[in-house]
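# Examination of the molecular architecture
One-letter residues, chain by chain:
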Amino acid sequence: MDSLSTDPGKTDSRATHDLELFDRLLGVRETLARKFRKEPYQIFKEESLIQMAMYYPQTLDDFIHIFGVGPYKQRKYGPAFTEVIQEYCQTKGILPPPIRPKQGINVSVGVPPAKAMVMGATPSPETKTETSLLPASTTTNGTSNETGMNVLRSEVGSLPFSPGGLINAYNAAIVFPQELKTVAVRGIFGMKGPKIYSGYYYDELKDEIGDQSLTLKVTPSIRDQLTPDGICTLKGYLTRKINKYGGIQVTFVATGVVCQEERTVDPEVLRRQEVLEQHQQKALPDPRWNIKSHIVQGTEPKIAAIYGETGIVDQDVTSAVGTALDHYDVTTHRGKFSSPGAIITLLCQLDSEGYDYIALIRGGGSGLEVFDDLNLAATVVAMQTPVLTALGHEVDHPFLERVACHAFTTPTAFGTWLKAMVEETFEELSRSKAAALNEVQKQYNEMVKRLEQQLEDAKKAEGQQVEIIKDLQGQIKEAGRSAEEVRKDLEKTYEERLKDLQQQVENGNKAVEQQRTDAQKTEERQAELIKDLQKQMESSNKSTDDLRKDIEKGYEGRVTDLKQQLDLMQRASEQSSKTILELQRQIEVAGKSTADIRQDVESIYRDRLSAAEQKHTESQRVVEEQTATLNELRGQVAESGSNRMVIIAAIVSMLLGLGIGAGVMTLL
């Protein structure tokens, strides 16, 4: 945006308008410009937006009084702007002032009219409106506070501000010359995120050297031209706002890109960054906890203190430590602080000697740049022993401090810290001992109470046990008299029971003898019967052998017949195959359809073959059944001595089944 002139209709100050509302109106203008495909200034110039941010027009009637607003723009653009202004005033509790006639905006650093109407702000004389934080007249216990108000006015000269009113007044009163014109800013563009607010992205512009940054407000079109993390020069203007906590927020609103450059990185900067990253990844012990732990355990922390060859700051350190030095095992070493290589050699030597810490100590003055050496910093990062630094004055900050385990501002501060560690440790031990003593005393008192209670309970239990013993003794005496009577009754009962048992034994012996006699007689009768059965079995076995021979003879004849039948069927099957071949030959001669005739022939062949197989299967089944029956009869004849007539009847039944029962009648 170009510098503002003092011509009518132009403004030469942004110090008198509501910056937050102005930012929102810029977003509305940007939205309308995209909607109607126009440039933002064709919607409204920024001078018109500034007047809107001063007088807060919330209706179309008020909107027409703003500079640059005619009937056409009132109808077309007015609703969009008045809606945003109305919502903003309701949220902030702002009472808009009367709209002034159209005119240019005069330079002013006082409180804007609308700001004077903010709840709690002191009213501006030009608004001619009184706004009070306190009621005009209040009554407490029937007494008016008007006198108190007069006293207040006489002491401070006016009504008091609220915090918000004072912040707004201060914000309006600040005038920064760079806000009144377009400026160019060069830095590293940092993209913050994808969200857009009221048509703007809120990114950052960082210093090329250092860690300071400025909030950057850019439109999407400008942002698309910028390269993330690239160096760029932008033109625009500055805005500032005091937030609700009193802090000042400075924002650079970019209006265009002047140029962009390729970002070149110094190799030394890259190496420094690499050394810092290695330091951050290294797990370093907390020196406070480590040294206190040594003191508590009664061991002295081993510290190698390196001073310059001609330095005298060791006296400052010793004086600052005082008597606390007795709790440390400090070894003094002298080094050549004018050469990084000499310091590196000494550090590497001490790193292998088992120290808890190595301290580099030097006073202020020239020559501190040796501690900015990157090789020295890389050596400290790679060492196993943690390194402490106490270099120069408070304003000196060499690079080595950034990679040390702990950096002290001065050598004296290092000595003071060593003393403080001892004092804090003993103070904490004292508090811990007192707390432990109180805890032990508390536990002791509780234990005494428990023992006293247990002793009292034991006495009560002892009295109860005495009573129980007396009762038991009485019961024992009574039981002694009863036991004699019980013994006599038991002896009498035992003698009677013994007599009954003896009588039962005698009766049992007699019964057993009688049973033995009867058993002998039975055994004799069974022996005679067995002899008769053996004779009958011998006679039956002879007849059975004859029958078995006849049956086997008949079975063998039947098997021979079946074999002959099978041979006949096989010859018939062979003849059928020959017939089929002959038919096929005839079919080929006749020229019939091979597929149809083959199906007919195969069907005839399958039927005949199936019938032959069925007869063969049936014959085999009959043979198997006859064989099983014969085997069963053989087993029955061999194992049993059954009645001869029963066996004969079974054999006859089988022979009838075979069709040779006619010969059986001869046997009978």
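Rules and cut-offs
- Residues numbered from 1 in each chain as written.
- Predicted model: local features only at pLDDT ≥ 70, side-chain atom pairs only at ≥ 80, totals over all residues.
- Heavy atoms only, no water.
- Helix = DSSP H or I, 4+ residues; strand = E, 2+ residues; numbered from the N terminus.
- Contact = heavy atoms within 4.5 Å.
- Areas by Shrake-Rupley, 256 points an atom, 1.4 Å probe, with all protein chains shown as cover.
- Buried < 20%, exposed > 50% of the residue type's maximum accessible area, 1.4 Å probe, protein only.
- Pairing = 2+ DSSP bridges.
- Phe/Tyr/Trp six-rings, centres within 6.5 Å; stacked < 30°, edge-to-face > 60°.
- Lys NZ or Arg CZ within 6 Å of the ring centre and 35° of its normal.
- Core = buried A, V, L, I, M, F, W, Y, C linked by side-chain atoms within 4.5 Å.
- Axes fitted to C-alpha atoms, helices over the stretch in contact; angles between N-to-C directions.
- Parallel < 35°, antiparallel > 145°, perpendicular 65-115°, else oblique.
- Left-handed = near helix turned anticlockwise from the far one by under 90°.
- pLDDT = per-residue confidence, 0-100.
- Nonpolar A, V, L, I, M, F, W, Y, C, P; charged D, E, K, R; others polar.
- Salt bridge = Lys/Arg side-chain N within 4 Å of Asp/Glu carboxyl O.

### Examining the overall build of the chain
- What the chain contains, in helices and strands, is 18 helices and twelve strands.
- By sequence separation, contacts in the chain at least 24 residues apart represent 68% of the contacts at least 6 residues apart.
- Accessible surface, the chain as shown: approximately 42400 Å² in total, 52% of it carbon and sulfur.

### Some details on the pairing of strand 8 (residues 302-308)
- Burial runs high along strand 8: six of the seven residues are buried.
- Both strand 8 and strand 9 (residues 329-335) contribute to a ladder of seven bridges, which runs parallel. What sits directly across from Ala304, in strand 9, is Thr331.
- As paired strands, strand 8 and strand 10 (residues 357-362) are joined by four bridges and run parallel to one another. When the sheet's bridge partners are listed, Ala304 is paired in strand 10 with Ile358.

### Details of unusual backbone geometry
- Not every positive phi belongs to a glycine, and Arg37 is a case in point at roughly 55°.
- In this fold, Arg37 is placed in the loop between helix 1 (19-36) and helix 2 (40-43).
- The phi torsion at Tyr56 lies on the positive side, around 55°, for a residue other than glycine.
- Summarising the element assignment, Tyr56 is placed in the loop between helix 3 (46-55) and helix 4 (60-63).

### So, the packing of aromatic side chains
- Across all of its chains, the model carries nine aromatic pairs by this definition.
- Ring geometry for Phe44 against Tyr77: centres 5.9 Å apart, planes inclined by 75°, an arrangement best described as edge-to-face. In this pair, Phe44 is assigned in the loop between helix 2 and helix 3 and Tyr77 in helix 5 (residues 71-92), connecting sequence segments 33 residues apart. Residue Phe44 shares its accessibility class with Tyr77, and that shared class is buried.
- Above the ring of Phe399, the side-chain terminus of Arg272 is found at 4.6 Å from the ring centroid.
- Here Lys302 stacks its cationic end above the ring of Tyr355, 5.4 Å away from the centre of that ring.

### Looking at the nonpolar core
- Grouped together as the largest cluster of nonpolar side chains are 28 residues, with contacts concentrated most on Phe44, Leu49, Met52 and Phe81.
- Those elements that place two or more of their residues in this core are helix 1, helix 3 and helix 5.
- Per-element tally for this core: the top contributor is helix 1, with seven residues.
- Core analysis: the second largest hydrophobic core is formed by 27 residues, Val275, Phe337, Ile343 and Leu346 among them.

### Thoughts on the environment of Gly247
- Tracing the backbone shows Gly247 in the loop between strand 6 (231-242) and strand 7 (248-261).
- Along the backbone, Gly247 and Ile167 are 80 residues apart, and their C-alpha atoms lie at a distance of 9.5 Å.
- Not counting residues up to four positions away in its chain, the partners in contact with Gly247 are Lys241 and Ile242.

### Some words on the packing of helix 1 against helix 5
- Contact geometry of helix 1 with helix 5 gives a least axis separation of 10 Å together with a crossing angle of 155°. With respect to each other, helix 1 and helix 5 are oriented roughly antiparallel. Here helix 1 runs over helix 5; the crossing is right-handed. Seen from helix 1, the contacting residues are Glu20, Leu21, Arg24, Leu25, Val28, Arg29, Leu32 and Phe36; seen from helix 5, they are Lys76, Tyr77, Ala80, Phe81, Val84, Ile85, Tyr88 and Lys92.

### Remarks on the pairing of strand 5 (residues 213-218)
- Here strand 4 (residues 201-206) pairs with strand 5 via six bridges, running antiparallel. From the neighbouring strand, Lys206 faces strand 5, where its bridge partner is Ser213.
- The pairing of strand 5 with strand 7 spans three bridges and is parallel. In the strand pairing of strand 7, Lys217 is matched with Val253.

### A few points about the confidence of the model for the chain
- In this model, the chain carries a mean pLDDT of 76, and residues with pLDDT of at least 70 account for 70%.
- Scored below 50 in pLDDT, residues 105-158 makes 89 contacts in the model with residues more than four places away or belonging to other chains.

### A look at the sheet that holds strand 4
- Strands sit in the order 3-4-5-7-6 around a closed barrel of five strands; the barrel is mixed. Strand-to-strand twist in this sheet, taken as the mean axis angle between neighbours without regard to direction, amounts to 55°.
- In the packing of helix 1 onto the sheet, contacts are made with strand 4, strand 5 and strand 6, and the angle to strand 6 comes to roughly 130°.

### Remarks on the sheet that holds strand 10
- Sheet architecture is open: five strands sit in the order 9-8-10-11-12, paired in parallel fashion. Each end of this open sheet is capped by a strand with a single partner; those strands are strand 9 and strand 12 (406-408). Strand-to-strand twist of the sheet, defined as the mean angle between neighbouring strand axes without regard to direction, takes the value 20°.

### Structural notes on the packing of helix 1 against helix 3
- Running from amino to carboxyl end, helix 1 crosses helix 3 at an angle of 135°, the nearest separation of the two axes being 9 Å. Our classification of the angle between helix 1 and helix 3 gives oblique. Relative to helix 3, helix 1 is oriented so that their crossing is right-handed. Between helix 1 and helix 3, the residues in contact are Leu21, Phe22, Leu25, Leu26 and Arg29 and Glu46, Leu49, Ile50, Met52 and Ala53, respectively.
- A breakdown of the residues in the contact of helix 1 with helix 3 according to their chemical character gives eight nonpolar, no polar and two charged.

### Considerations on the pattern of salt bridges
- One pass over the full model with this rule turns up 14 salt bridges.
- A salt bridge links Lys92 to Glu20; the shortest N-O distance between them is 3.5 Å. Here Lys92, found in helix 5, pairs with Glu20, found in helix 1; they are 72 residues apart in sequence, far enough to count as distant.
- For Lys92, a relative accessible area of 38% corresponds to the partly exposed category.
- When the shortest N-O distance is used, the salt bridge between Arg334 and Asp314 registers 3.0 Å. Linking Arg334 in strand 9 with Asp314 in helix 12 (residues 313-321), this pair joins segments that are 20 residues apart in sequence.
- Under the relative-accessibility criterion, Asp314 is labelled buried at 18%.
- The structure contains a network of salt bridges with shared partners spanning Arg288, Lys292, Glu424 and Glu428.

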